[in-house]
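Close look at the chain arrangement
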Amino acid sequence: SSQDGSYLAEFLLEKGYEVHGIVRRSSSFNTGRIEHLYKNPQAHIEGNMKLHYGDLTDSTCLVKIINEVKPSEIYNLGAQSHVKISFDLAEYTADVDGVGTLRLLDAIKTCGLINSVKFYQASTSELFGKVQEIPQKETTPFYPRSPYGAAKLYAYWIVVNFREAYNLFAVNGILFNHESPRRGANFVTRKISRSVAKIHLGQMDCFSLGNLDAKRDWGHARDYVEAMWLMLQTDEPEDFVIATGEVHSVREFVEKSFKHIGKTIVWEGKNENEVGRCKETGKIHVTVNHKYYRPTEVDFLQGDCTKARQKLNWKPRVTFDELVREMVDADVELMRNNPNA
């Protein structure tokens, strides 16, 4: 039901797979990103996509589902994936992102599928955190800077351990930031595209961000799920960095988003007093709020995906500018139809 899960499900269904997904139980439907993949979306009737209630904190249900489905490939995309929120939900993040991965691997072992299943683990560029070299590649030392990064570090190494201890075909995809119109609303890129759309439609005037100078290597989630699949089609299990190799700041993401709706942002002031003003109208559209800063910041991430290019023949297709435009256009359409979205 996540951004990546929905794109991956689409990708696999197009290839003729039967796709089984685990969704957490909620009192409201949390399948918005995959509704179009039902055989009958109005009635939520399943076709080649089948959903199971489960949770990465519940090992019994994982064993039950894996034993029943007997999958050929498992993609673990489940996580509490918000870096800032992981500081507030540190124990839960460790349980789901770290120990949850172990529960899945143990379930494969318990069900006797070590020799028949291929396992993909969603690792993250946040493993590099306080970066030890630029750009970051598969051999760059890890230095996580958040409970999220630390939990994902455990998951990374337990995957390597199962690969080496039991000869399980298990890989880590060290994916750098990847975005899309399906990105969660509280991630900075989507927060920007949503807010710019609302400002464009006259539904709001101003929004707040944290560190404008954080620099990230941003790609499109649709490109990145293809890389996940490619990793499981190789003869030998290996870990891969997936990235564009390009770096852009949060500030630049803001500027390009506004430019797409015909506004030029001019920055005034410094640090927490900095604002982004519209050159054409004089209105302040962006402010800085310290509550969005992280206790320990990751300032710069830039991936080197040479290995993926050479061994998987993978490369990103969507450019940074195309990504920004697609996200803003999608949110303008969304907010036009539902201003409260």
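Described below are features of the structure shown in this document. Nothing here was measured: the structure is a model prediction, and the numbers come from that model. (Residues numbered from 1 in each chain as written. Predicted model: local features only at pLDDT ≥ 70, side-chain atom pairs only at ≥ 80, totals over all residues. Heavy atoms only, no water.)

1. Section: the packing of helix H1 (residues 3–14) against helix H7 (residues 221–231)
As a packed pair, H1 and H7 sit with axes 9 Å apart at the nearest point and diverge in direction by 65°. Where H1 crosses over H7, the two elements pack in a sense that is right-handed. Here Gln-3, Asp-4, Tyr-7, Leu-8, Phe-11 and Leu-12 of H1 lie close against H7, whose contacting residues are Ala-221, Arg-222, Val-225, Glu-226, Met-228 and Trp-229. By residue class, the composition of the contact of H1 with H7 is 8 nonpolar, 1 polar and 3 charged. (Axes fitted to C-alpha atoms, helices over the stretch in contact; angles between N-to-C directions. Helix = DSSP H or I, 4+ residues; strand = E, 2+ residues; numbered from the N terminus. Left-handed = near helix turned anticlockwise from the far one by under 90°. Contact = heavy atoms within 4.5 Å. Nonpolar A, V, L, I, M, F, W, Y, C, P; charged D, E, K, R; others polar.)

2. Focus: the side chain of Asn-76
One can find Asn-76 in strand E3 (residues 73–76). Taking relative accessible area as the criterion, Asn-76 reaches 3% and is therefore assigned buried. Excluding its chain neighbours within four sequence positions, the residues that come into contact with Asn-76 are Leu-56, Thr-101, Leu-104, Phe-119, Tyr-120, Gln-121 and Ala-122. (Buried < 20%, exposed > 50% of the residue type's maximum accessible area, 1.4 Å probe, protein only.)

3. Some thoughts on the pairing of strand E12 (residues 265–268)
By the alternation rule, side chains of E12 split into Ile-265 and Trp-267, which are all buried, and Val-266 and Glu-268, of which none is buried. As judged from the 4 bridges shared by E12 and strand E13 (residues 275–278), these two strands associate in the antiparallel manner. Across the sheet, Trp-267 pairs through a bridge with Gly-276, a residue of E13. Between E12 and E13, which follow one another and run antiparallel, lie 6 residues, and Gly-269 among them has a positive phi close to 85°. (Pairing = 2+ DSSP bridges.)

4. A look at the sheet that holds strand E14 (residues 284–288)
Read across the open sheet, the 4 strands follow the order E7-E14-E13-E12; overall the sheet is mixed. Across the chains shown, the open sheet's two edge strands, defined by having one partner strand only, are strand E7 (207–209) and E12. Averaged over all adjacent pairs, the angle separating strand axes in this sheet is 25°, with direction ignored. Of the strands in this sheet, E7 and E14 are in contact with helix H6 (residues 188–200), which crosses E7 at around 160°.

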